[in-house]
Amino acid sequence: MIGGGALGAATAFHLRRLGVNDVVLVERDALASGSTSKSAGGIRAQFADELNVRIALRSMTEFESMGDEIAWRRFGYLFLLDSDDDLAAFRGALELQRSLGVPSTELGLDEVRELVPQLELEGIAGATFCPLDGYATPEAVVQWYARESRADIRQSCAATGIEVREGRIEAVETTRGRIETQVVVCCAGVWSRDVGAMAGVELPVEGEARSMWFTPEDGGLPARLPLTIDFGSGFYVHREGPGLAFGGRERELEDAAEAAARRLPVLVDLPVQTSWWGWYDVSPDWNALVGEAHGVSRFLYATGFSGHGFQQAPAVGEHLAELVVGKEPTLDLSAFDAARFASGASRPETMVV
Ligand SMILES: Cc1cc2nc3c(=O)[nH]c(=O)nc-3n(C[C@H](O)[C@H](O)[C@H](O)COP(=O)(O)OP(=O)(O)OC[C@H]3O[C@@H](n4cnc5c(N)ncnc54)[C@H](O)[C@@H]3O)c2cc1C
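Predicted model only: the values in this text are computed from it and were never measured.

Enquirer: Mind showing me how you'd approach helix α3 (residues 50–65) here?
Expert: Think of an α-helix as 3.6 residues a turn; residues three or four steps apart then line up on the same face. Over its 16 residues, α3 runs 24 Å from end to end, which matches the ideal 22 Å to within 8%, given 1.5 Å per residue. Of the residues making up α3, those classed as buried are Leu51, Asn52, Val53, Ile55, Ala56, Ser59, Met60, Glu62 and Phe63. If you follow the buried residues of α3, they end up packed against α1 (6–17), β2 (42–43), α4 (84–99), α6 (138–149) and α9 (309–325). Two or three places before Leu51, at the start of α3, stands the capping residue Asp49, its side-chain oxygen 2.8 Å from that residue's backbone nitrogen. Immediately beyond the C-terminal end of α3, within one or two residues, lies Gly67, with a positive phi of roughly 70 degrees.

Written as C-alpha cells, this is what we have:
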C-alpha cells in the first residue's frame, strides 16, 4: 500500500478483514497528513450519480460502526440553490436518492429559516436536506482504521520506485529499503499521478488548492447546524469545536468573504482565528478513479475523488481489498476505471462542491 490517508488506511483494514496478514503500508510523512487532514469531514448521501449514492450508504454503515471515536455529527446537509437549473437538477437527484432509500427532501424557504434562522435567503430558488448526512473527524477515522488493520505501517517512508519486469510488479523501492511484493495499491491522493508513473500507469489526477477558515465563536448559530452549502458560490459552513469552519472555491479569504457574508451575515462580526489549505484530488469528470491497471499486472489505485474522497473511503477501501484477493466486489465500481477517458466514456458527478 502506498499512502496513509483515508483510502490507504481503509484498504489496509479491509485487507485484514479478508484475511490478508502481511500488508505493508508506506506513508512518506505521517498518517492522514495529506488531503485527509485538510478535509471538511463531510459525509453525504446527496449525490447525482447512482454509484456515489450507493457508496455513501455503504460507507455510512461503516462510519456508524466506529462509534463516538470519530465524532460524527449527523446534523444533515442543507444545499441552497440559487438557479432554476440547479433546482431542477437537484430535484432529479432527489428522485434517484429516494429510489435508493435515502430520506432526502426538498425544503421550502420557511423550513430553511426554521433550521438556520441566520441565513440570508435572497435569490434562493429552493433547497434540499438529508438527515443522514453530516461530518466527522477525518484523522480519527484514519487512526481507527490503522489500529484495526494491524498492518505494518511505516511512516516517514516514501515510495521512490516500483520495479516492474515483463508487466509484473516485483518490488517497491522506498527511502527505508526495498520491499518485495507482487501487488501495489496506490492510495497516494493527489500524488497518485507520480506513483502511477513509477509503474508506467497513467492516472489523470490534478491538484486544486482549497482553503478553510475557522472562527473561535459560533455567532449564535443553532446547536445542530447542518453542513450548509450555497451551491452557486461553493460557500459552506459547519460547526467546529465552539466555533465555525467555513470554506469555498476561493484560495484567499478576501475572495471567499463576499459569498460568505452575503449568505451568512453574522460571519462578518466573527474573527477568523486560523486557516489551512489542502489539495482536492480532481479527475477530468469530477468522479473517482478506482480500479486495477490494464498494462501492469496487480497495480490497483483509488484517487481523483474531486472533493469527496474522505467519505468514500470505507466502500472504496472495501472494493480495493476485494480486487486484491479476487473476491466478487460488493459494489460494481468498474465504471470508475481510469481507462474510461481513453474510450471517451466519462462519468460526470454534478453535485460537487
Ligand atoms: C479543504 C478541503 C475540504 C474537503 N472536504 C471534504 C469533505 O467534506 N468530504 C470529503 O469526503 N472529502 C473532502 N475533501 C477531499 C478529501 O480530503 C480527499 O478526497 C481525501 O482525503 C483523499 O484521501 P486519500 O487517502 O486518497 O489521499 P491523502 O489523504 O492525500 O493521502 C495520500 C497520502 O499519500 C502519501 N504519499 C504521497 N506520495 C507518496 C509516496 N511516494 N510514498 C509514500 N506516501 C506517499 C501522502 O503523504 C498522503 O498522506 C476535502 C479536501 C480539501 C482540501
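Enquirer: What's the story with the packing of α3 against α9 in this structure? I'm lost.
Expert: Think of two packed helices as two axes; the pair is described by the angle between the axes and how far apart they sit. At a minimum axis distance of 8 Å, the contact between α3 and α9 shows a crossing angle of 90 degrees. On the basis of their axis angle, the class for α3 and α9 is roughly perpendicular. Judged by residue contacts, Asn52, Ile55, Arg58, Ser59, Glu62 and Phe63 of α3 engage Phe310, Gln311, Gln312, Pro314, Ala315, Val316 and Glu318 from α9. The residue inventory of the contact of α3 with α9, partitioned by class, reads six nonpolar, four polar and three charged.

Enquirer: I'm lost on the site of the ligand in this one. Help?
Expert: Neighbouring residues of the ligand: 39 residues in total, closest Glu27, Thr36, Gly42, Ala159 and Gln311. Within the backbone of Ala6, an N or O atom sits 3.1 Å from an oxygen atom of the ligand. Protein chains bury 97% of the 1,000 Å² of accessible surface belonging to the ligand in isolation. Listed by contribution, the elements that provide at least two residues to the shell around the ligand are α1, α2 (35–38), β12 (206–215), β16 (274–282) and α9. Looking at which element gives the most residues to the shell around the ligand, the answer is β16, with four residues. Per-class residue counts for the shell around the ligand are 18 nonpolar, 16 polar and five charged. Taken together, domain 1 (6–38 + 138–205 + 284–340) and domain 2 (77–131 + 209–278) each give at least three residues to the shell around the ligand, which thus spans both.

About the cut-offs
- Numbers given for residues are sequential positions, taken from 1 along each chain in its written order.
- Owing to the predicted nature of the model, reporting of local features is limited to residues with pLDDT of at least 70; listing and counting of side-chain atom pairs is limited to 80 or more, with chain, interface and lining totals taken over all residues.
- Side-chain numbers here rest on the full set of heavy atoms in the structure, without hydrogens or water.
- A run of H or I in DSSP becomes a helix once it reaches four residues, and a run of E becomes a strand once it reaches two; helices and strands are each numbered from the N terminus.
- In this scheme, a helix's expected span is set at 1.5 Å multiplied by one less than its residue total.
- Note on exposure labels: buried denotes an accessible area under 20% of the residue type's maximum, exposed denotes more than 50%, and partly exposed covers the range between, all computed with a 1.4 Å probe on protein chains only.
- Pairs of residues are marked as contacts when any of their non-hydrogen atoms sit within 4.5 Å.
- In protein, a polar contact means a hydrogen-donor-capable atom and an acceptor-capable atom, both N or O and within 3.5 Å, with residues adjacent in sequence counting only if both atoms are side-chain atoms; elsewhere, any N or O pair within 3.5 Å suffices.
- Note on definitions: angles span 0 to 180 degrees between N-to-C directions of axes, and those axes are lines fitted to C-alpha atoms, for helices only across the stretch in contact.
- Roughly parallel refers to an angle under 35 degrees, roughly antiparallel to one over 145, roughly perpendicular to one between 65 and 115, and oblique to any angle outside these ranges.
- Residues are sorted three ways: Asp, Glu, Lys and Arg are charged, Ala, Val, Leu, Ile, Met, Phe, Trp, Tyr, Cys and Pro are nonpolar, and all the rest, Gly among them, are polar.
- Any residue with a heavy atom lying within 4 Å of a molecule or strand is counted as near it.
- In this description, accessible areas are obtained by the Shrake-Rupley approach with a 1.4 Å probe, and a residue is regarded as covered only by the protein chains that are shown.
- Domains are outlined according to an automatic or database domain assignment.

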